[in-house]
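Here is how the chains run, residue by residue.
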Amino acid sequence: MKRLKTNDYVKYMTEQFMNYIDQPKEVREQHKHEKEESKEYLPSRMFGLLPLSLALYKRKLNERRNKKSI
């Protein structure tokens, strides 16, 4: 990976900031909402399908217990 010198990094960040500021407010808000909508559920993002499978298994066990007690 190529390392940027401090001056190059400041120049890059300034360009990015100016591109962001030059956009209309509606476009910035639209990008923000799209980014929020595309975020995955945190446990799924960190651990894949394991949390989902455990939650479904736990729900199934609870349904069985409730069915037996009735």
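A few words on the packing of aromatic side chains. Throughout the structure, instances matching the rule amount to 0 aromatic pairs. Just above the ring of Y20 sits the side chain of R28; from NZ or CZ to the centre is 5.3 Å.

Attention shifts here to a nonpolar patch on the surface. Together, L42, M46, F47, L50 and L54 line one region of the surface with nonpolar side chains, adding up to about 550 Å² of accessible area. Where the nonpolar patch is concerned, the elements lending two or more residues are α3 (42–47) and α4 (50–69). Per element, the largest residue contribution to the nonpolar patch is 3 residues, and it comes from α3. Take L50: it is sitting in helix α4.

Basis of the calculations
Residues numbered from 1 in each chain as written. Predicted model: local features only at pLDDT ≥ 70, side-chain atom pairs only at ≥ 80, totals over all residues. Heavy atoms only, no water. Phe/Tyr/Trp six-rings, centres within 6.5 Å; stacked < 30°, edge-to-face > 60°. Lys NZ or Arg CZ within 6 Å of the ring centre and 35° of its normal. Patch = residues over 30% accessible without salt bridge, like charges linked within 9 Å, V, L, I, M, F, W, Y side chains within 5 Å. Areas by Shrake-Rupley, 256 points an atom, 1.4 Å probe, with all protein chains shown as cover. Salt bridge = Lys/Arg side-chain N within 4 Å of Asp/Glu carboxyl O. Helix = DSSP H or I, 4+ residues; strand = E, 2+ residues; numbered from the N terminus.

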